[in-house]
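# What the coordinates show
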Amino acid sequence: MRIGELAVTVGVTTRTVRHYHHLGLLPEPERRPNGYRDYTLRHAVVLARIRRLTELGLGLAEVRDVLADDAGRDLAEVLEELDADLARQEAAIRERRDRLRALLDREGNLPAEGPVSPELAALLTGMAHGPESPMAVRDREVLALIDTVASPESRKRLMAALGSAFETPAAVARAHEVYALLDALAEADPDDPRVDEAARALADCLPDSLLLETDLAPGLDDGFLRALYADVAPAQAEAIRRAMRMFTERGR
């Protein structure tokens, strides 16, 4: 058989056959005096087996193990590993579909920062009940970042801790008062007297339950805090620093 005839027989392309030659999966046949390769039935049998294995989901490195006489792994072992991997993929797909369904079930009330976890979506819905604020927008963006980098368990605990800051109309109103104080510092100097007022209001607004959740997003280290402070006005950054110190001292 010529290479084209082999490819048609097995149902692959000639490019695939040449690729398998290059990888050493399919032995190259001897050439005739005229320079053409002469494929045998054995080549077709091996090529057909490669096709079946790849259609099962095996990678070419795993196919090589199955085909090799001295690989030390039989087909059953490779297929068991593949089955376990597919089970993990199925579980991940189910989880993703559950998250998508939770978002779609919000009937158009998706936050602008989405897609986010259901826990953060609920928190952002509570935060939305109030006047729009540049600092509130930045706060939601930071929460979306934490929502991404924190583990699922940590995310749930963090959102539950923060949820108390927006669980009642009075708490929401107090939070937006803090946002207004911070917004007013956009053009202020760091030594402006209003900085201390905003810091105290922010520290008072943070729920005590948040004191227990200091290790929820290990990726957010001092470098993250420096980036956060650099992203706001100097007076706003100073207010946040003072508030964090007050909040930390409250837990001692």
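What you are looking at is a predicted structure, and each value in this text was computed from that prediction instead of being measured.

Our next topic: the overall build of the chain. Looking only at helices and strands, the chain has 12 helices and zero strands in total. Each helix and strand of the chain, placed in order from N terminus to C terminus, yields the pattern α-α-α-α-α-α-α-α-α-α-α-α. Looking at the 252 residues of the chain, the share that counts as buried comes to 34%. Counted over contacts in the chain with a minimum sequence separation of 6, partners at least 24 positions apart contribute 60%. For the chain, the exposed area adds up to about 15,500 Å²; of that, 53% sits on carbon and sulfur atoms.

With that settled, consider the packing of aromatic side chains. This model, assessed by the stated rule, comprises zero aromatic pairs. Between the NZ or CZ atom of arginine 2 and the centre of the ring of tyrosine 36, over which it lies, the distance is 4.1 Å. Sitting over the face of the ring of tyrosine 229, arginine 241 holds its NZ or CZ atom 4.4 Å from the ring centroid.

Moving on, we get to the packing of helix H1 (residues 3-10) against helix H2 (residues 14-23). Remark: H1 packs on H2, axes separated minimally by 8 Å, with the N-to-C direction vectors making an angle of 105 degrees. With respect to their mutual orientation, H1 and H2 come out roughly perpendicular. For the pair H1 and H2, contact is made by Ile3, Gly4, Leu6 and Ala7 and by Thr14, Val17 and Arg18, respectively.

As a note on interpretation, predicted positions should not be read in detail where pLDDT is low. The predicted model of the chain has a mean per-residue pLDDT of 81, with 84% of residues at 70 or higher. Across the chain, the element-wise mean pLDDT spans from 76 in helix H6 (residues 118-127) up to 94 in H2. Here residues 215-220 scores under 50 on pLDDT; set against residues more than four positions off or in separate chains, the count is 12 contacts.

A separate point is the nonpolar core. Formed by 44 residues in total, the largest nonpolar core has its most connected members in Leu120, Leu123, Met127, Phe166, Leu182, Leu185 and Leu210. Among the secondary structure elements, those contributing two or more residues to this core are H6, helix H7 (134-149), helix H8 (152-163), helix H9 (169-183), helix H10 (193-205), helix H11 (222-230) and helix H12 (234-250). Residue contacts for methionine 127: discarding those within four places in its chain leaves Ala136, Asp139, Arg140, Leu143, Phe166, His176 and Tyr179. Counting residues in hydrophobic clusters, the runner-up holds 18 residues, among them Leu6, Val17, Tyr20 and Val63.

Here we take up H7. Over its 16 residues, H7 runs 23 Å from end to end, which matches the ideal 22 Å to within 8%, given 1.5 Å per residue. Two or three places before methionine 135, at the start of H7, stands the capping residue serine 133, its side-chain oxygen 3.2 Å from that residue's backbone nitrogen.

Take the environment of arginine 99 next. Among the secondary structure elements, arginine 99 is positioned in helix H5 (residues 75-104). We classify arginine 99 as partly exposed; its relative accessible area is 36%. Separated by 18 residues in the primary sequence, arginine 99 and serine 117 place their C-alpha atoms 7.1 Å from one another.

Before going further, it helps to examine the environment of isoleucine 146. Inspection of the secondary structure puts isoleucine 146 in helix H7. You can call isoleucine 146 buried: its relative accessible area is 14%.

All of the buried residues in H1 are Ile3, Leu6, Ala7 and Val10. Down the axis of H1, the buried set is contained in an arc of 95 degrees. They therefore lie on one face. H1 presents Val8 and Thr9 as exposed residues on the side facing more than 90 degrees away from its buried surface. On the buried face of H1, the contacting elements are H2 and helix H3 (41-56). Phi turns positive one or two residues past the end of H1, at glycine 11, with a value near 90 degrees.

Turning to the pattern of salt bridges, a few remarks are in order. Within this structure, the stated rule accounts for 10 salt bridges. Measuring nitrogen to oxygen at the nearest pair gives 3.8 Å for the salt bridge that ties arginine 32 to aspartate 38. Across the pair arginine 241 and glutamate 238 runs a salt bridge, and its minimum N-O distance is 3.7 Å. One end of the pair is arginine 241 and the other is glutamate 238, both in helix H12 and three residues apart, which spans about a single turn. Here glutamate 238 falls in the buried class, since its relative accessible area comes to 19%. A single salt-bridge network, built from bridges that share partners, covers Asp196, Arg200, Glu238, Arg241, Arg242 and Arg245.

Parameters at a glance
Residues numbered from 1 in each chain as written. Predicted model: local features only at pLDDT ≥ 70, side-chain atom pairs only at ≥ 80, totals over all residues. Heavy atoms only, no water. Helix = DSSP H or I, 4+ residues; strand = E, 2+ residues; numbered from the N terminus. Buried < 20%, exposed > 50% of the residue type's maximum accessible area, 1.4 Å probe, protein only. Contact = heavy atoms within 4.5 Å. Areas by Shrake-Rupley, 256 points an atom, 1.4 Å probe, with all protein chains shown as cover. Phe/Tyr/Trp six-rings, centres within 6.5 Å; stacked < 30°, edge-to-face > 60°. Lys NZ or Arg CZ within 6 Å of the ring centre and 35° of its normal. Axes fitted to C-alpha atoms, helices over the stretch in contact; angles between N-to-C directions. Parallel < 35°, antiparallel > 145°, perpendicular 65-115°, else oblique. pLDDT = per-residue confidence, 0-100. Core = buried A, V, L, I, M, F, W, Y, C linked by side-chain atoms within 4.5 Å. Expected span 1.5 Å × (residues − 1). Polar contact = N/O pair within 3.5 Å; in protein donor to acceptor, adjacent residues only side chain to side chain. Arc of directions from axis to C-beta. Salt bridge = Lys/Arg side-chain N within 4 Å of Asp/Glu carboxyl O.

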